[in-house]
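Geometric and topological summary
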Amino acid sequence: MPTTTAQSRTVLERFPAGGPRGSWPADEYADAQRAQGTNAWVVMDLATDQFLVVTDATPQ
């Protein structure tokens, strides 16, 4: 049976889901973080209706 481990993630930034049409600020922020060497990606927090940019790394 496969085992899973809980992995902590750090929220780098939050963006409201109701942005202007054609605007992707969370994706742009995540791209900028990746360009600086941080493995960042965007997830949707349905409870707060926000896009979160998260990483496995701990902020320094």
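Below is a short write-up of the structure.

Criteria and thresholds
Residues numbered from 1 in each chain as written. Predicted model: local features only at pLDDT ≥ 70, side-chain atom pairs only at ≥ 80, totals over all residues. Heavy atoms only, no water. Helix = DSSP H or I, 4+ residues; strand = E, 2+ residues; numbered from the N terminus. Buried < 20%, exposed > 50% of the residue type's maximum accessible area, 1.4 Å probe, protein only. Contact = heavy atoms within 4.5 Å. Areas by Shrake-Rupley, 256 points an atom, 1.4 Å probe, with all protein chains shown as cover. Salt bridge = Lys/Arg side-chain N within 4 Å of Asp/Glu carboxyl O.

On to the overall build of the protein, then. Each helix and strand counted, the protein has 1 helix and 3 strands in total. Reading the protein from its N terminus to its C terminus gives the helix and strand order β-α-β-β. Taken over 60 residues, the protein has a buried fraction of 17%. The long-range share in the protein, meaning contacts at least 24 apart out of those at least 6 apart in sequence, stands at 51%. When the accessible surface of the protein is totalled, it reaches about 4,700 Å², and 52% of it is carbon and sulfur.

For the rest of this paragraph, the subject is the pattern of salt bridges. Per the counting criterion, the structure on display carries 2 salt bridges. Arg 9 is the partner of Asp 56 in a salt bridge, and the nearest nitrogen-oxygen pair spans 3.3 Å. Residue Asp 56 is found in the segment after strand S3 (50-55), and its partner Arg 9 is found in the segment before strand S1 (10-16); the two are separated by 47 residues along the sequence. A salt bridge links Arg 34 to Asp 31; the shortest N-O distance between them is 2.2 Å. Of the two residues, Arg 34 and Asp 31 are both situated in helix H1 (residues 25-35); the distance of 3 residues between them amounts to about one turn of the helix. Note on Arg 34: relative accessible area 39%, which makes it partly exposed.

Nothing here speaks to function; it is geometry throughout.
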